[in-house]
Structures are given as structure tokens and as C-alpha cells.
Amino acid sequence: MAGIYIHIPFCKQACHYCDFHFSTSLKKKDELVQALMEELVLRKDELKNQAIETIYFGGGTPSLLSLEELEHILNTINKHFEVIDTPEITLEANPDDLTPVKIEQLASSPINRLSIGVQSFFEEDLRTMNRAHNSSEAKQCLELAVKHFDNITVDLIYGIPHMSIDKWKANLQTVFDLGIPHISSYALTVEPKTALASFIKQGKYPPVDENLSKEHFDILIEETVRQGYVQYEISNFGKQGYFSKHNTSYWQGKHYLGIGPSAHSFNGQQRSWNIPNNTKYIQGIQKKELPSQIEDLTIQDQYNEYVMTGLRTIWGVSINQVEEGFGLEFKNYLLKHAEKFIKQEVLALIETDSGDTILKTTEKGKFLADGLASELFWI
């Protein structure tokens, strides 16, 4: 089984914290959509003999595309790839795009999962982040979306300066009250070359407080557990039956094809990525050339990636799989470097009924998962 990711590099306006590839000009939208379909055809043999179980429209803001454009892309996938009967098809969307008409159109299409970028239900937070929607639009679109879609996830950002504990709890409660079955929640981070980084450097905005982020994160875990969500990945919380199949495939090392400018692909031994430039991407595809770079992954790279993704999930890092996939030397290296963190009670070795041993973060170690993984990398 494999997945296809489609990158739609357009947004109405630039969020101050975002460093993804996008353009606020829609002049090349028609050419870009055509290029996406042509790239799919050019790469139709890369997932040969693998059925497509997930399709994900990310960005950018995929909800800027018309239903006709989305269906053209899906038809191209169905024509050139083996797709299972009921694939998970996700569309990332912003609340201001999800009008009643748009939601009804999407509900009648093959798209069966919405990922809605709310981030916060408070006006001051939305203005600070330069989001295109307002609080009313966020609530209204969700109230309507749940009437037409069963599978919905909402994005929320925590650790925003001046966001009180009460405000953070209110954001979560709004999602709970609406019956949304999945939440993706990330700490506000300061990426280089973003407007947010510039504002902080100039003293126009307070720096991000890691202690506040940790406090919000602990509340997030506590409240979602109380509501019956499972934290199956550090930043993802789903009710049973509503885990993201597409994102889970990334964490479990399945193969995926990334289509569009800046999109990444993975086939187990290689990682590739397309050029993050709309014009150069379109020109390359028009010449029947893939505007991408390829990196061959060493055994060390593959081990490091497995440790990084495994520690972020409830499935952890299988000691048996490390030995079988990478060798005894890697297994011994992992166990030796994990010892001190096990003693600090931020990592734990768990015996399974199948006879395997799983290395996982403890509740105390979840917030530190990425840092812990880097300490276990093969250097």
C-alpha cells in the first residue's frame, strides 16, 4: 500500500509563522494544475504494483481549487494508478473557503476527509498569525462541515504568547463540543525568514516561551484523554477509527509519491523533492523533465529515520525490527544509548505479547521526543 501527496502552492495571504512553499498570486493556477496532472502521468510507474490507499491534498491552501480542478486531478490518479475501492482522500481547507456551497460540493465529491486549519478561535490570535479567516467563520464552517462529513480533523496551535490557560482550554472545548473526531496540534515555532522571526528580532512580538508551550501541551494531553482521544503521534489525537491513514503511512515507513513544487517522495531507499519554485516547476514538467533532486539513503539514514518516527508514535521503536532491518550492531547501539534516558524515566522498554520489545517515550518524555530521538541517532 502507498500514498500520493499533492502540493497546492497557493494561499490568499501569508501567515506570519509559515515557512511552507506557496504563492499569494493565483496567476499560474491553471498552468500549475495542468502540470500536477502531467507529473502524475510522468511518474505513474514509480509506485508500480502498489495500491494507492491514501490521497492527500496539502499546501498551501488546496481549498482554493474548484471542485472541477480537484476532480480532474483525482481522475488522473484513478486512470494511471491502482487505487483501492475506498481510499482516504483528504483536503486541507481554510475556514474562509468553506462556504455552505463549497462544503456541499465537496461532500458530493470523492473527498471523504477534511483537514481544517483553524489554529485558534480567538480573534487576537488569528490577527497575530495573519490568518485569512475570523473566529465566526471558523465556528460556522465547522458546524456545517460536521453535518456533511464524518471524518474531520482540526489544526490548533498552542504556545502562542499571551494565550492564557483558559483560552487554550476554551479552544479545545470548542472542538470537543462540535464532535470533531481528530485534532492535530502543534507548538508555535519560529522558523527563519518568516515574518514572525522578524517581528521577534525587532522587538515587535514577544519570543516564544517553551515553558508555556509545555504547559499547553500537558493540558492538551490531559483534556484529549478525558474526551476519549488517543495520542497516536506526538501532535495527533484521534478517536478510535479516525487516525489519519495518510500521515500514519509516513510514520510507518510506507512509500509515497509527492506531486507539485516542493513536494517530497519516499520509496524506502531514496528520498526526492521537487523544486520549490512554481515557474521552474511548470517549465520542467512542460519539457517532460522532473524538476527534482534525489538522495540515496544510507543504512544509517534509514535507521535514524525509523527511530525518529517511531518515538513520535504509540507504536514506538521495535527492537526486533531494528535487529532484523539494520543488524545486531544497530540494536546494541540503540539499547546502549537509551540506557540513561530509561533511568531518567523519559524512555521505557515495553515487552509485548508477541515477544517483541518496544522502546517508547513515557508520559514525561513525550514533549522531548524529537530531542531524545536525536540522542539515539547513529552519528
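Scroll up to find the structure.
On a predicted model such as this, the values are computed, not experimentally measured, just so you know.

Trainee: How should the packing of aromatic side chains be read in this particular structure?
Mentor: Two numbers describe a pair of aromatic rings. These are the distance of the centres and the angle of the planes. One pass over the structure, following the stated rule, counts 17 aromatic pairs. Measuring from ring centre to ring centre gives 5.1 Å for phenylalanine 217 and phenylalanine 367, while their planes differ by 50 degrees; the resulting arrangement is tilted. Linking phenylalanine 217 in helix H8 (residues 210-226) with phenylalanine 367 in the loop between strand S15 (357-361) and helix H14 (369-376), this pair joins segments that are 150 residues apart in sequence. Residue phenylalanine 217 is classed as buried on the basis of its relative accessible area of 2%. Pairwise contacts between aromatic rings join Tyr303, Tyr306, Phe326, Phe330, Tyr333 and Trp378 into one cluster. The aromatic ring of phenylalanine 122 is capped on one face by lysine 167, whose charged end is 5.1 Å from the ring centroid. Cation over ring: lysine 239 sits above tyrosine 229, and NZ or CZ is 4.8 Å from the ring centre.

Trainee: Looking at this structure, how should I read the packing of helix H6 (residues 165-178) against H8?
Mentor: Relative orientation and spacing of two packed helices are given, respectively, by the angle between their axes and the distance between those axes. At a closest axis distance of 10 Å, the pairing of H6 and H8 adopts a crossing angle of 30 degrees. Handedness of the crossing formed by H6 with H8: right-handed. The segment H6 lies against H8, with Ile165, Trp168, Lys169, Leu172 and Phe176 engaging Glu215, His216, Ile219, Leu220, Glu223 and Thr224. Residue classes in the contact of H6 with H8 are distributed as 6 nonpolar, 2 polar and 3 charged.

Trainee: For this particular structure, what's the right way to read the side chain of asparagine 274?
Mentor: Structurally, the position occupied by asparagine 274 is in strand S11 (residues 270-274). Only 2.9 Å separates the side chain of asparagine 274 from the backbone oxygen of glycine 260, close enough to count as a polar contact. Setting aside anything within four residues of it in sequence, one finds asparagine 274 in contact with Glu39, Arg43, Gly258, Ile259, Gly260, Pro261, Ser262, Ala263, Tyr281, Pro291 and Ser292.

Trainee: Could you clarify how one ought to interpret the sheet that holds strand S13 (residues 317-318) in this entry?
Mentor: Sheet strands associate in pairs through backbone hydrogen bonding, adopting either a parallel or an antiparallel arrangement. Ordered in space as S13-S15-S14, the 3 strands form an open sheet in which the pairing is antiparallel. Edge positions in the sheet fall to S13 and strand S14 (347-351), since each has one partner strand and no second. Direction of pairing for S13 relative to S15: antiparallel, over a ladder of 2 bridges. Bridging across to S15, valine 317 finds its partner in leucine 359.

Trainee: Whenever I open this one, the pattern of salt bridges confuses me. Can you help?
Mentor: Scanning the entire structure with this criterion turns up 17 salt bridges. Between glutamate 46 and arginine 43 there is a salt bridge, and its shortest N-O distance comes to 2.8 Å. Glutamate 323 is the partner of lysine 331 in a salt bridge, and the nearest nitrogen-oxygen pair spans 3.2 Å. Taken together, the salt bridges that share partners define one network made up of Lys12, Asp96 and Asp97.

Trainee: Help me understand the pairing of strand S9 (residues 255-259) in this model?
Mentor: The side chains of a regular strand alternate between both faces of the sheet. For S9, a buried count of 4 out of 5 residues is recorded, marking the element as mostly surrounded by other parts of the structure. Where strand S1 (residues 2-8) lies against S9, 5 bridges are found, and the strand directions are parallel. What sits directly across from alanine 2, in S9, is histidine 255.

Trainee: How should the packing of helix H3 (residues 100-107) against helix H5 (residues 135-148) be read in this particular structure?
Mentor: Where H3 meets H5, the axes come as close as 10 Å, and the angle between the chain directions of the two elements is 25 degrees. The orientation of H3 with respect to H5, classified from their angle, is roughly parallel. Considering the relative orientation of H3 and H5, their crossing is right-handed. Residues Pro100, Ile103, Glu104 and Ala107 of H3 form the contact with H5, whose own contacting residues are Cys141, Leu144, Ala145 and His148. In terms of residue class, the contact of H3 with H5 is made up of 6 nonpolar, 1 polar and 1 charged.

Trainee: Please explain the pairing of strand S6 (residues 182-187) as it appears in this structure.
Mentor: Two strands pair when backbone bridges link them, and strand S5 (residues 152-158) and S6 are joined in this way by 6 bridges, in the parallel orientation. When the bridges of S6 are listed, isoleucine 157 appears paired with tyrosine 186. Considered for its hand, the β-α-β crossover made up of S5, H6 and S6 is right-handed. Here 3 bridges tie S6 to strand S8 (residues 236-238), and the two strands are oriented antiparallel to one another. Across the sheet, the residue bridging to isoleucine 183 is phenylalanine 237, located in S8.

Trainee: Would you mind going over the environment of isoleucine 116 with me for this structure?
Mentor: Along the chain, isoleucine 116 falls in strand S4 (residues 113-119). On the accessibility criterion, isoleucine 116 (0% relative accessible area) is buried. Sequence separation between isoleucine 116 and proline 95 is 21 residues, and the spatial gap between their C-alpha atoms is 6.7 Å. Each residue touching isoleucine 116, except ones within four places of it in the same chain, is listed here: Ala93, Pro95, Leu98, Cys141, Leu142, Ala145, Ile152, Thr153, Val154 and Asp155.

Conventions used here
- Residues numbered from 1 in each chain as written.
- Predicted model: local features only at pLDDT ≥ 70, side-chain atom pairs only at ≥ 80, totals over all residues.
- Heavy atoms only, no water.
- Phe/Tyr/Trp six-rings, centres within 6.5 Å; stacked < 30°, edge-to-face > 60°.
- Helix = DSSP H or I, 4+ residues; strand = E, 2+ residues; numbered from the N terminus.
- Buried < 20%, exposed > 50% of the residue type's maximum accessible area, 1.4 Å probe, protein only.
- Lys NZ or Arg CZ within 6 Å of the ring centre and 35° of its normal.
- Axes fitted to C-alpha atoms, helices over the stretch in contact; angles between N-to-C directions.
- Left-handed = near helix turned anticlockwise from the far one by under 90°.
- Contact = heavy atoms within 4.5 Å.
- Nonpolar A, V, L, I, M, F, W, Y, C, P; charged D, E, K, R; others polar.
- Polar contact = N/O pair within 3.5 Å; in protein donor to acceptor, adjacent residues only side chain to side chain.
- Pairing = 2+ DSSP bridges.
- Salt bridge = Lys/Arg side-chain N within 4 Å of Asp/Glu carboxyl O.
- Parallel < 35°, antiparallel > 145°, perpendicular 65-115°, else oblique.
- Right-handed = clockwise from strand over helix to strand, strands pointing away.

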